[in-house]
Amino acid sequence: MNKSESDWKIMGMQIVSSAISVPQRVQTAEELAPLIAKTPEWIIQRTGVRNRRVGDSTLDSPTLAAQAARIAIGNHAKPDLVIYAGGVQRQAIPDTSVFLSQELGYESVPSFSISASCLSFLVGLKMADSLLADRTYSRILLCSADIATHARDLNDAESAALLGDGAAAVLLERRDGPFGVLYYSMRTWPSGAELAELRGGGTRTKLDGTSNLPESNLFQMNGLGLIKFFIPLLRPMLDECLSQCGITIDEIDLVVPHQTSISGFQILSRFGLPPEKTINILADYGNCVSASIPMALAITMSEGRLRPGSLVLFIGTAAGASAAVMLMRW
């Protein structure tokens, strides 16, 4: 159920701080090109990614998430809930939020993980919004991280050129005021499940390793297939958001999308979302899976582009195949 703005005059969710964390190593298009048998020009023109951050083989997603979390928490009080919203979990059991809390030195603070691929942060943000609104919690730490380059298939040039490593964290608090999530919609079409997959690591893989082929642990993506799949599905979701909220595209102050690819941004432009209002960090960081949206948000906050009362549109797609739209009053 989507809430009218009048509901939020009593209680709302506010993002009080945010931060990103990325590995130090920058891998340029020139450095990646010989690894995937392409030219730097091909990489930039095809994906829009000039640089991506690459973590070493020892880097762990909860470690990277904790680095962002410490900055976001700063001098604020300890959260009373930790949510980890990541594409790929550290291991099967226990869930990754446990290891994030361990990195932060938390004991007895409840935690859980959300796994919705590239939309994990938006799902987590909506859940946090609900938990704050019903007064279950008053302060929530929401973190996303993915070490995507560890699963690059260098024989699949397009997906390998897209992926980067990164993490972001936001601290959310319950505050009086007309702000928070005004609209949220997510839809999933299982018919698109095979368009983007990382098959290893689950019950599909036998524990004795007999079905754990090396390629099962590498990300596989049909980029053109995903574009064709989502174009007719995403626009109606955007139109529904605008209609139910009674606004036009012109009234949206900023658009924070998933950092899919250069083609993804071209599609958003075709939908009428102005490029000058659309946050684009793709060239510098690549597609960081679940961390893409919160990294774009955190960078936007650090640049001072969000003002009280701003209308912010979040929009993205994910393996599944899933899509989500969220409208938030800042």
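Cut-offs and rules
Residues numbered from 1 in each chain as written. Predicted model: local features only at pLDDT ≥ 70, side-chain atom pairs only at ≥ 80, totals over all residues. Heavy atoms only, no water. Pairing = 2+ DSSP bridges. Helix = DSSP H or I, 4+ residues; strand = E, 2+ residues; numbered from the N terminus. Axes fitted to C-alpha atoms, helices over the stretch in contact; angles between N-to-C directions. Buried < 20%, exposed > 50% of the residue type's maximum accessible area, 1.4 Å probe, protein only. Core = buried A, V, L, I, M, F, W, Y, C linked by side-chain atoms within 4.5 Å. Contact = heavy atoms within 4.5 Å. Parallel < 35°, antiparallel > 145°, perpendicular 65-115°, else oblique. Left-handed = near helix turned anticlockwise from the far one by under 90°. Nonpolar A, V, L, I, M, F, W, Y, C, P; charged D, E, K, R; others polar.

## Some thoughts on the sheet that holds strand S8 (residues 180-188)
Then, number 1: Reading across the sheet, the four strands line up as S8-S13-S12-S11 and stay open at both edges, with mixed pairing between neighbours. Because the sheet does not close on itself, it has two edges, and the strands there are S8 and strand S11 (254-257). Within this sheet the neighbouring strands show an average axis-to-axis angle of 15°, counted without direction.
Then, number 2: Judged from the eight bridges that link them, S8 and strand S13 (residues 322-329) form a sheet pairing that is antiparallel. Bridge pairing links Arg187 to Ala323 in S13.

## Let's talk about unusual backbone geometry
Then, number 1: Going from Ile93 to Pro94, the amide bond is cis rather than trans, its omega being -10°.
Then, number 2: Tracing the backbone shows Pro94 in the loop between strand S4 (81-85) and helix H4 (96-104).
Then, number 3: Each neighbour pair has its own omega, and for Gly320 with Ala321 the value is 0°, a cis peptide bond.
Then, number 4: With respect to the helices and strands, the residue Ala321 is situated in the loop between strand S12 (311-318) and S13.
Then, number 5: In this model, Val289 sits at a positive phi of 55°, which is unusual for a non-glycine residue.
Then, number 6: Assignment of secondary structure puts Val289 in the loop between helix H9 (282-285) and helix H10 (292-302).
Then, number 7: Assessed through its relative accessible area of 16%, Val289 is described here as buried.

## A short note on the nonpolar core
Then, number 1: Membership of the largest hydrophobic core comes to 76 residues, with the highest contact counts inside it found for Leu125, Leu172, Leu297, Leu313 and Phe314.
Then, number 2: With eight residues, the top contributor of residues to this core is helix H7 (residues 223-245).
Then, number 3: When residues no more than four places from it in sequence are discounted, the contact partners of Phe314 are Leu122, Val256, Ile293, Leu297, Ala324, Val325, Met326 and Met328.
Then, number 4: Listed in part, the 22 residues of the second largest apolar core include Leu64, Ala68, Ile73 and Ala145.

## Overview of the packing of H7 against helix H8 (residues 262-270)
Then, number 1: H8 packs onto H7 with a crossing angle of 30° between their chain directions and a minimal axis gap of 11 Å. Here H7 lies roughly parallel to H8, going by the angle between them. Taken as a pair, H7 and H8 cross one another with a handedness that is right-handed. Of H8, the residues touching H7 (which contributes Ile227, Ile231 and Arg235) are Ser263, Ile267 and Arg270.
Then, number 2: Its residues assigned to classes, the contact of H7 with H8 shows three nonpolar, one polar and two charged.

## Quick notes on the environment of Tyr137
Then, number 1: Within the secondary structure layout, Tyr137 lies in the loop between helix H5 (120-133) and strand S6 (139-147).
Then, number 2: Each C-alpha atom of the pair Tyr137 and Val88 lies 26 Å from the other, and the pair is 49 residues apart in sequence.
Then, number 3: Once you skip the residues sitting within four places of it in the chain, Tyr137 turns out to touch Asp80, Leu81, Pro110, Leu131, Leu132 and Arg174.

## Digging into the sheet that holds strand S1 (residues 12-21)
Then, number 1: Strands sit in the order S1-S7-S6-S4-S5 across an open sheet of five strands; the sheet is mixed. Bordering the open sheet on either side are S1 and strand S5 (111-114), each of which pairs with just one other strand. Strand-to-strand twist across the sheet, computed as the mean angle between neighbouring axes with direction ignored, equals 20°.
Then, number 2: Two strands pair when backbone bridges link them, and S6 and strand S7 (residues 165-175) are joined in this way by nine bridges, in the antiparallel orientation. Across the sheet, Ser144 pairs through a bridge with Ala168, a residue of S7.
Then, number 3: Contacts between H4 and the sheet are confined to S4, S5 and S6, with S5 contributing the most and set at about 130° to the helix.

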